[in-house]
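Secondary and tertiary structure notes
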Amino acid sequence: MRITDPGHWSKFVVCRLGVDPDQFPLVDRSRHAGRRLLCVGRLTPAKGQVLLIQACARLAARGLDFQLQLVGAGPDRERIEAEVQQLVIARRGLGLR
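Quick look at the structure, then. A quick note: this is a predicted structure, and the numbers were derived from the prediction, not measured. (Residues numbered from 1 in each chain as written. Predicted model: local features only at pLDDT ≥ 70, side-chain atom pairs only at ≥ 80, totals over all residues. Heavy atoms only, no water.)

An ideal rise of 1.5 Å per residue puts 18 Å on 13 residues; helix H1 (residues 49-61) measures up with 18 Å between its terminal C-alpha atoms. Here H1 has its buried residues at Gln49, Val50, Ile53, Cys56, Ala57 and Ala60. The arc that holds every buried residue of H1, seen down its axis, measures 115 degrees, which confines them to one face. Along H1, the residues that are exposed and aim more than 90 degrees away from the buried face are Leu51 and Arg58. (Helix = DSSP H or I, 4+ residues; strand = E, 2+ residues; numbered from the N terminus. Expected span 1.5 Å × (residues − 1). Buried < 20%, exposed > 50% of the residue type's maximum accessible area, 1.4 Å probe, protein only. Arc of directions from axis to C-beta.)

The subject of this paragraph is the nonpolar core. Of all hydrophobic cores here, the largest spans 10 residues; its members are Leu43, Val50, Ile53, Cys56, Ala60, Phe66, Leu68, Leu70, Ile80 and Val84. Every element with two or more residues in this core is listed here: H1, strand S2 (66-71) and helix H2 (77-87). The element that contributes the greatest number of residues to this core is H1, accounting for 4 residues. (Core = buried A, V, L, I, M, F, W, Y, C linked by side-chain atoms within 4.5 Å.)

In this section: the pattern of salt bridges. The tally for this structure, following the rule as stated, stands at 2 salt bridges. Residues Arg79 and Asp76 are paired through a salt bridge, measuring 3.2 Å at the closest nitrogen-oxygen approach. Note on Arg79: relative accessible area 45%, which makes it partly exposed. (Salt bridge = Lys/Arg side-chain N within 4 Å of Asp/Glu carboxyl O.)

Let us look at the state of the cysteines. Per the stated rule, a full pass over the model turns up 0 disulfides. Take Cys39: it sits in no disulfide, and the sulfur closest to it among the cysteines is that of Cys56, at 9.4 Å. (Disulfide = S-S within 2.5 Å.)

Geometry only, nothing functional implied.
The structure is reproduced here in structure tokens:
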């Protein structure tokens, strides 16, 4: 909606892509160190992966233990890699595949 004229907003459809908890029950992983985050998608500015990298930098600055795995290809790959290097999060287990 940020990049579309309000006159076209009625054309948008919200698709909630949730997970059925009965099919995939929650597993207690509290005894495992850190958290693992996964982002799969085309690497484009519209997807906001750079914002995700910046959010992870804030988590790392707070001392939170996590790993982020980005999976995908696209025109924003170099920009995302540059952001990772600039924020020096690569050492925190951030990966790009």
